[in-house]
Amino acid sequence: MAGAQNLAENILAAAEVRQASMRRLSELDWDFPTQASESAFSALHWHPCRFPSQIPAISIARLTTPNDVVLDPFMGSATTLVEAQRLGRRAIGVDVNPVSALMGKAKTLQSTGPAVERYFRSIQLMIRGEWSELPEAAPPETVQAAKWYSERTLQGICKIWGVLSQDQSDLAIIGKAAFSSILLPACRETRHWGYVCDNSQPKSDREVEVAPLFEAALSKFVAAYRQRDMECSQPLPDARVINGTSGDVLSTLPDSTIQCVVTSPPYFGVADYAKSQRLSMEWFSLPIEPVRLQEIGARSKRHRITSLDDYIADLQKVFVQVRRVMKSSGTAVIVFGQSPARGDSEKRFVEMLKDVGFSIELERRRQIPKARRQKPSLLEEIVIIGSKG
Ligand SMILES: C[S@@+](CC[C@H](N)C(=O)[O-])C[C@H]1O[C@@H](n2cnc3c(N)ncnc32)[C@H](O)[C@@H]1O
């Protein structure tokens, strides 16, 4: 009898906590226009559609308790995973793009700031001490070297590549992610990343000092890990990074295990994520085409007559799985952006969520800051908070 009463009281208490959380989320200004409270991990590697770290930070803090599992089926630059781990929640992130997997792994290591700093110093010693004598490792054949890099910049990149090719450290993945992050600022394309995405010939012959650029990229990792040390106690919960399509990967996860999903599905017809990481894909000899073909909503598929239907159908397959893996008390926070030029994908998306059984508890519009806009037309997104229904 007392047991049943306790259970009822616990259920009531949980319902009250959830109501209070939803109220706080409904009062929130979701715009986060400044970078003032952004995580230091967000600036480590460029991604075309990263969302502000405050979105997963606030959602996870309000909707989960320590050790719960948080999922992002469209992980991108792993913003959700970083925040989940920082808040003591276990995390699973999935992305079809191997460069996203690289970012996710490099940002969620169990290592501490001092360990990352020791790694940074060991690389710095090699680069600073012997720069003129460092051998240049030839770029892989997949790199369009003369097209993307001026001669001197390429020499510098090849020296760093040589150092990293010998790197046996446990933290080598940080070196690889830092290397990946400098390719865009080092390349000859100075107009907009979209030209790299489209494989257009650069118009400038920009030369870049590669060693300081790479050192700065590595030192940002040190700063991010040091900041994390100050905010969290070790050991941190695990963050699992899975490279694959979310439809396939989610079908392997057990039912009712995820407390919170925080995600931003690929926009419809706006970005080609694999092509946007072309420079890294080339350097790591990762073929772009097979990834592009598996991308949901890829810009390069936008001219098909059925493209919007295909997009919604592809997302539906994923969100059926998302709902299945969520606990009955679980919540999904979904940031959805649409280009007005591409038909009403937002309305169709919300209808689809309801069709697969989600109950929509909150919808809030948020403005996209200028620096993050894919196109001038993409001014706002919608934040949808749904429960399993
Ligand atoms: C809007 S971005 C997510 C950005 C992320 N919220 C962040 O902060 O970086 C969407 C991501 O979905 C990924 N994606 C597209 N199609 C996918 C698929 N079929 N399976 C898994 N990931 C996919 C893209 O590679 C891209 O990284």
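Heads up: these notes are all about the structure in this document.

The rules we used
Residues numbered from 1 in each chain as written. Predicted model: local features only at pLDDT ≥ 70, side-chain atom pairs only at ≥ 80, totals over all residues. Heavy atoms only, no water. Helix = DSSP H or I, 4+ residues; strand = E, 2+ residues; numbered from the N terminus. Buried < 20%, exposed > 50% of the residue type's maximum accessible area, 1.4 Å probe, protein only. Polar contact = N/O pair within 3.5 Å; in protein donor to acceptor, adjacent residues only side chain to side chain. Contact = heavy atoms within 4.5 Å. Near = heavy atom within 4 Å. Areas by Shrake-Rupley, 256 points an atom, 1.4 Å probe, with all protein chains shown as cover. Nonpolar A, V, L, I, M, F, W, Y, C, P; charged D, E, K, R; others polar. Disulfide = S-S within 2.5 Å.

What about the side chain of His45?
Here His45 lies in the loop between helix H1 (2–27) and helix H2 (54–63). Here His45 falls in the buried class, since its relative accessible area comes to 6%. A polar contact of 2.6 Å, which involves the side chain of His45, links it to the side chain of Ser180. Apart from the residues lying within four places of it in its own chain, the contact partners of His45 are Val99, Met103, Ala177, Ser180, Ser181, Gln277 and Ser280.

Examining the site of the ligand
Taken together, 24 residues form the shell around the ligand, and within it Ser77, Thr79, Asp95, Ser246 and Ile296 come nearest. At a separation of 3.0 Å, a nitrogen atom of the ligand approaches a polar backbone atom of Ser246. A total of 600 Å² of accessible area belongs to the ligand in isolation, and the protein chains cover 99% of it. Residues that form the shell around the ligand fall into these classes: 10 nonpolar, 11 polar and 3 charged.

With respect to the state of the cysteines
If you walk through the whole model with that rule in mind, you get 0 disulfides. Cys158 takes part in no disulfide bond, and the closest cysteine sulfur, belonging to Cys187, lies 15 Å away. Free cysteine: Cys197, not disulfide-bonded; nearest cysteine sulfur from Cys49 at 10 Å.

Comments concerning unusual backbone geometry
The phi dihedral of Asn199 is positive, around 65°, even though this residue is not glycine. Mapped onto the elements, Asn199 comes out in the loop between helix H9 (193–197) and helix H10 (210–231). Of note, the phi angle at Ser256 is positive, near 50°, even though the residue is not glycine. By secondary structure assignment, the location of Ser256 is in the loop between helix H11 (246–250) and strand S4 (258–263). Judged by its relative accessible area of 38%, Ser256 is partly exposed.

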